[in-house]
Amino acid sequence: LPRKPLRVRRWDGGELDVVVDPRRSVDMSVYFDLDSAELTDRATASLRWLGEALSGDLRGRTFLVAGHTDLSGSRDHNLDLSFARAAAVRDHLLRNWPIEPRSLFVAGFGPDYLRTPDRPYDAVNRRVEIVALGEIPN
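So, here's what we can say about the structure. In every chain, residue numbers begin from 1 and rise along the written sequence. Predicted model: local features are reported for residues with pLDDT of at least 70 only, side-chain atom pairs are reported and counted for 80 or more only, and whole-chain, interface and lining totals are derived from all residues. Calculation of side-chain values draws on the structure's entire complement of heavy atoms; hydrogens and water are dropped beforehand.

Digging into the overall build of the chain
The secondary structure listing takes helices from DSSP runs of H or I that are at least 4 residues long and strands from runs of E that are at least 2 residues long, numbered from the N terminus. Scanning the chain from terminus to terminus reveals two helices and six strands. Each of the 138 residues in the chain was classed as buried or not, and the buried ones make up 46%. Here the contacts in the chain between residues at least 6 apart in sequence split such that 72% fall between residues at least 24 apart. All accessibility values rest on the Shrake-Rupley procedure with a 1.4 Å probe; residue burial counts only the protein chains present in the view. Total accessible area on the chain is roughly 7,400 Å²; 47% of this is exposed by carbon and sulfur atoms. Accessibility here uses a 1.4 Å probe with only protein chains present; expressed as a share of the type maximum, an area under 20% marks a residue as buried, one over 50% as exposed, and anything in between as partly exposed. The contact criterion used is simple: two residues touch if any of their non-hydrogen atoms lie within 4.5 Å.

See below:
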């Protein structure tokens, strides 16, 4: 993700510009099946340690839950799908661990930030990344 301000959705439905802080990054990705926002068993298993960390040692920090797609499908569909993926991860975390909803911001970027630009249809592009944020304005 770029270091420039990104437009994200707040926990209460409002929008906000935030900046990713690469020094506080969490190296975590959750992968999805083609054209799906359903969490797989593998995805929910990988979210277990994140849920424990966000409700423990990382409590009080803010994170961007960033949804991505590969290049399959239309741009509008991919933007909606990437947001739905991010929301599915956020909702799963909030349902299963005592995490403050205000600490998780969601955004969908569609195919704008491909993990493998030379292979735009590759499955590794269909993901949600969890990224630490810098200061959040009130």
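Concerning the pairing of strand 4 (residues 63-67)
In terms of residue burial, strand 4 counts as a mostly covered element, since five of its five residues are buried. The pairing criterion for strands is at least two bridges between them, as found by DSSP. Pairing between strand 4 and strand 5 (residues 104-108): five bridges, direction parallel. By the bridge assignment, leucine 64 is partnered in strand 5 with phenylalanine 105. Orient the strands so they point away from the viewer, and a crossover whose first-strand-to-second-strand path over the helix runs clockwise is right-handed. One crossover worth recording links strand 4 to the parallel strand 5 by way of helix 2 (residues 75-96), and it is right-handed.

Remarks on the packing of aromatic side chains
Any Phe, Tyr or Trp ring, taking Trp's six-membered ring, that has another such ring centre within 6.5 Å forms a pair; planes under 30 degrees apart are called stacked, those over 60 apart edge-to-face, and the others tilted. Taken as a whole, this structure holds one aromatic pair when the rule is applied. When the ring of phenylalanine 109 is compared with that of tyrosine 113, the centres are 5.4 Å apart and the planes differ by 75 degrees; the resulting orientation is edge-to-face. Judged by relative accessible area, phenylalanine 109 falls into the buried class, the value being 8%. The exposure class assigned to tyrosine 113 is partly exposed, which follows from its relative accessible area of 24%.

Focus: the nonpolar core
In terms of nonpolar packing, the biggest core is built from 21 residues, with Val30, Leu54, Val65, Val89, Leu93 and Ile130 touching the most fellow members. At the level of secondary structure, the elements contributing two or more residues to this core comprise helix 1 (41-54), strand 4, helix 2, strand 5 and strand 6 (127-132). Take this core: its biggest share by element is five residues, from helix 1. Other than its neighbours up to four places away in sequence, valine 30 contacts Leu39, Ala43, Ser46, Leu47, Val89, Arg126, Arg127 and Val128. Think of a nonpolar core as a cluster: buried Ala, Val, Leu, Ile, Met, Phe, Trp, Tyr and Cys residues, connected wherever their side-chain atoms sit within 4.5 Å. Counting twelve residues, the second-largest nonpolar core is a separate cluster that includes Val8, Val18, Ala66 and Leu133.

Focus: the packing of helix 1 against helix 2
At a minimum axis separation of 10 Å, helix 1 and helix 2 run at an interaxial angle of 60 degrees. It follows that helix 1 is oblique to helix 2 by the angle criterion. Crossing geometry of helix 1 relative to helix 2 is assigned as right-handed. Only Val89, His92 and Leu93 of helix 2 make contact with helix 1, whose side of the interface consists of Thr44, Leu47, Leu50, Gly51 and Leu54. Ten residues, namely Ala, Val, Leu, Ile, Met, Phe, Trp, Tyr, Cys and Pro, are considered nonpolar, four, namely Asp, Glu, Lys and Arg, are considered charged, and the remaining ones, Gly among them, are considered polar. Of the residues belonging to the contact of helix 1 with helix 2, the class tally is five nonpolar, three polar and no charged. Note on method: axes are straight lines fitted to C-alpha atoms, helices fitted across the in-contact stretch only, with angles between N-to-C directions ranging 0 to 180 degrees. Here is the rule for angles: anything less than 35 degrees is roughly parallel, anything more than 145 is roughly antiparallel, 65 through 115 is roughly perpendicular, and the remaining ranges are oblique. With the far helix as reference, a near helix turned anticlockwise by less than a right angle produces a left-handed crossing, and one turned clockwise produces a right-handed crossing.

Side note on the side chain of asparagine 125
Within the secondary structure, asparagine 125 sits in the loop between strand 5 and strand 6. With relative accessibility at 0%, the residue asparagine 125 sits in the buried group. In this structure the side chain of asparagine 125 is engaged in a polar contact, spanning 2.9 Å, whose partner is the backbone nitrogen of threonine 116. Each residue touching asparagine 125, except ones within four places of it in the same chain, is listed here: His68, Thr69, Asp70, Leu114, Arg115, Thr116, Arg119 and Pro120. As used in this structure description, the phrase polar contact means that two N or O atoms lie within 3.5 Å; if the pair is within protein, one of them must be able to donate a hydrogen and the other to accept it, and residues adjacent in sequence are counted only when both atoms belong to side chains.

Points about the environment of aspartate 17
Tracing the backbone shows aspartate 17 in strand 2 (residues 15-18). On the basis of relative accessibility, which here comes to 37%, the residue aspartate 17 falls in the partly exposed class. On a C-alpha basis, the gap between aspartate 17 and leucine 6 in space is 5.2 Å, while along the polypeptide they are eleven residues apart.

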